[in-house]
Structure formats: structure tokens, C-alpha cells
Amino acid sequence: MSTVSESYLVGLIGEGITISLTPPMHEREADRQGIRYLYRPIDLSVINRPGEAVGDLLRQGRDLGYNAFNITHPCKQLVLEHLDEISDDARRLDAVNTVLVQDGKLMGHNTDFSGFGTALAHGLPGAGLGSVVQVGTGGAGSAVAYALLKSGVRTLTLTDLDAGRAAARAAALAVLFPDRQVGSVPAGQLADVLAAADGVVNATPVGMHTHPGLPLDTDLLEPRHWVADVIYRPVETELIKVAAAKGCRVLDGGHMAVGQAVDAFRLITGLAPDPARMRAHFLELLAEGR
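What you see is a predicted model; the values in this text were computed from it and never measured.

1. Considering unusual backbone geometry
Point 1. The step from His-73 to Pro-74 runs through a cis peptide bond, and the omega angle for that step is 10°.
Point 2. Position of Pro-74 relative to the elements: it lies in the loop between β3 (68–71) and β4 (85–86).
Point 3. Residue Arg-233 is joined to Pro-234 through a cis peptide bond whose omega torsion reads 5°.
Point 4. With respect to the helices and strands, the residue Pro-234 is situated in the loop between β11 (226–229) and α9 (238–245).
Point 5. Phi angles above zero are rare outside glycine, and Asn-48 is one such case at about 55°.
Point 6. Structurally, Asn-48 can be placed in the loop between α2 (44–47) and α3 (54–64).
Point 7. Of note in the backbone geometry, Asp-94 takes a positive phi value of approximately 60° without being a glycine.

Below, the structure is given as C-alpha cells:
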């Protein structure tokens, strides 16, 4: 963990990230902590650079005095070969979303998985973790599945429209967590596994403003289920609304978005951020149409 500095210069490297809510969340929390903190988006689309340029950008930023970077699409895997050290969890996930500059070295971490783990623990305390179904195994899905197993889920079943991708992810996770049951089923068998599940997580884009709809047949949901979503635009997806109306405990995607920012801020500054305060600010930003 880094020591408290007189000031911080932080960057976010990725495509289409000028509208990201992460920079204002970090800067507001830093203001409340009484530290100087400037967080700049480095949008590859704006500067016309490919994802493969992430290594050069990191080294240039290090030389210019940046303290840290957040890394997002399409660079979370591309960045790996450019780092001096990688945390155990980030290495197991094969993805990095936070890079610290320490003593001239680039140190990789992953707060996507820990952000979801924190969200689950705080947003759904006491949620049953015996059996969980996850719909979607793409980018966010990998971190969420890892987080579920790290949180104590005993049986994790993955499903995806791309059955091969779900099977491959399940096989990889089964190696990392040999004491758990990790498997996959075709989307058509969702009813069978949900009947025995404690909870279900949506890690697909279905439900976003740009992909409206439901990622699963909500007739399969029962009040005993807990339901989590990773989508936060909108915070109240159709899935979250329907599940809540059925009496399910729900966890909106804003919790994961804030959780990853909370954990990254802690790594970067060595200070303990206020998660409730950061979530309140996050919801304010969304309400403002940011």
C-alpha cells in the first residue's frame, strides 16, 4: 500500500472514457479527505492511440510524475506484459485495472473483483452463498465470477449465449478453486439450475440504456432468491425492478462501480475512503446525467 503523498496525479487509460464517473468520484473523496488529487482521463479514442500503446503511456506517465493509473477496456490484458509486479489476484484473473507507480516500478492490481466482493458483503449481508448462477461470462463476468468464489460461493454455475465461453471460464475457475463446484450450462437449462440456487447475477450488457430488456426469464425468480446486476446505467435495471417487486433482495450495479473505486482509492492513497459518501456522490452524478 502506498504512503500518503502531498499530492496525487492519477490517470485513467482506455477507450471512450471521457464520460467515466471514476475521476469525479476520486477527486470528491480526496477533497473530503483534505488531500490534493487530480484525476485525468487518457482516452485512446481522443488521442488516436491503440490499446497496445498502454505500455508506452504508463512509462511516459511514470516519468512525468503520475502516482497511479486505472486501466479499462481494451487494455486490462494488454497491460500485463508491461508491469514489474502483479498482485496474486490480478495474475489469477489475467487482468489489471489499477497500476501503482512505486519506486519507479509499475505494480498491477485488480479492484474489479474486490469491488464486487465488497458490494456483495455490504449490500447483501447474509446472502446465501451455497449455490449461485451467473448469466454472462464476458469482461465484467470474469471478475464477478472470481469474486463470487472468493466470497465463499460453494457451487457456481455459469451460463452465456456463447456456451463455449461459459464452459472455458468455468474450467479455468475450477482449476483456481479446486474445493468448489464450478460448471456451466446452456442458456436453455437456466430453469433447472435456478430452482436450486440461492442467488443470480447478471453480468451481461442486457438492461443497459443501449441494450434494454431482461437477461433471463424473471418468471423463474422466487422471493427467496437474491438478485445482483453489474449494470449501473440505469442503476435500477428492469431486472432489479422486477426482482424487487417479487420480493427478492437486490444489489444494483452501482455498488460494484463504487466498490472498485473505493478499493482503488485506498490502494493509491493508503487512506480509508468513505464508501457510503462515495456511493451518495455516485448517485448524484448519475442524477445529473453524467
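2. A word on the packing of aromatic side chains
Point 1. Using the criterion set out here, one finds six aromatic pairs in the structure.
Point 2. When the ring of Tyr-8 is compared with that of Tyr-37, the centres are 5.7 Å apart and the planes differ by 35°; the resulting orientation is tilted. Of this pair, Tyr-8 sits in strand β1 (residues 7–14) while Tyr-37 sits in strand β2 (residues 36–43); the two residues are 29 residues apart in sequence, bridging distant segments of the chain. Considered together, Tyr-8 and Tyr-37 belong to a single accessibility category, that of buried residues.
Point 3. Both rings, one in Tyr-37 and one in Phe-265, keep their centres 5.5 Å apart while their planes meet at 25°; by these two values the pair is stacked. Taken together, the residues span a long stretch of sequence, with Tyr-37 in strand β2 and Phe-265 in helix α10 (residues 254–269) at a distance of 228 residues. Taken individually, Tyr-37 and Phe-265 each receive the classification buried, so the pair is uniform in this respect.
Point 4. Through a chain of ring-to-ring contacts, three or more aromatic side chains come together here, namely Tyr-8, Tyr-37 and Phe-265.

3. Notes on the side chain of Asn-110
Point 1. Here Asn-110 lies in the loop between β6 (105–109) and α5 (112–123).
Point 2. Residue classification places Asn-110 among the buried positions, given a relative accessible area of 6%.
Point 3. A distance of 3.2 Å separates the side chain of Asn-110 from the backbone nitrogen of Phe-113, its partner in a polar contact.
Point 4. Once residues lying within four places of it in the same chain are set aside, the contact partners of Asn-110 are Ser-87, Ala-90, Leu-93, Ala-95, Val-96 and Asn-97.

4. Re the pairing of β3
Point 1. Burial along β3 is two-sided: the face carrying Ala-68 and Asn-70 and the face carrying Phe-69 and Ile-71 are both buried.
Point 2. Pairing between β1 and β3: four bridges, direction parallel. Within β3, the position partnered with Leu-12 by the bridge is Asn-70.
Point 3. Where β3 and strand β5 (residues 98–102) come together, three bridges link them in antiparallel fashion. Pairing of Phe-69 across the sheet is with Val-99, part of β5.

5. Structural notes on the environment of Asp-162
Point 1. By secondary structure assignment, the location of Asp-162 is in the loop between β8 (155–159) and α7 (163–176).
Point 2. In sequence terms Asp-162 and Gly-138 are 24 residues apart; their C-alpha atoms lie 9.5 Å from each other.

6. What to know about helix α1 (residues 22–33)
Point 1. Compared with the 16 Å implied by 1.5 Å per residue over 12 residues, the 17 Å span of α1 between its first and last C-alpha is a close match.
Point 2. Remark: Gly-34 follows α1 within two positions and exhibits a positive phi of approximately 80°.

7. Focus: the UniProt feature "domain: Shikimate dehydrogenase substrate binding N-terminal" (unreviewed entry) in the protein chain
Point 1. Under the present numbering, the feature "domain: Shikimate dehydrogenase substrate binding N-terminal" (unreviewed entry) in UniProt falls on residues 12–99.
Point 2. Between the C-alpha atoms that bound residues 12–99 there is a distance of 10 Å. The span itself is 38% helix and 22% strand.

Thresholds applied
Residues numbered from 1 in each chain as written. Predicted model: local features only at pLDDT ≥ 70, side-chain atom pairs only at ≥ 80, totals over all residues. Heavy atoms only, no water. Helix = DSSP H or I, 4+ residues; strand = E, 2+ residues; numbered from the N terminus. Phe/Tyr/Trp six-rings, centres within 6.5 Å; stacked < 30°, edge-to-face > 60°. Buried < 20%, exposed > 50% of the residue type's maximum accessible area, 1.4 Å probe, protein only. Polar contact = N/O pair within 3.5 Å; in protein donor to acceptor, adjacent residues only side chain to side chain. Contact = heavy atoms within 4.5 Å. Pairing = 2+ DSSP bridges. Expected span 1.5 Å × (residues − 1). UniProt positions renumbered as here; feature names shortened; annotations may be inferred.

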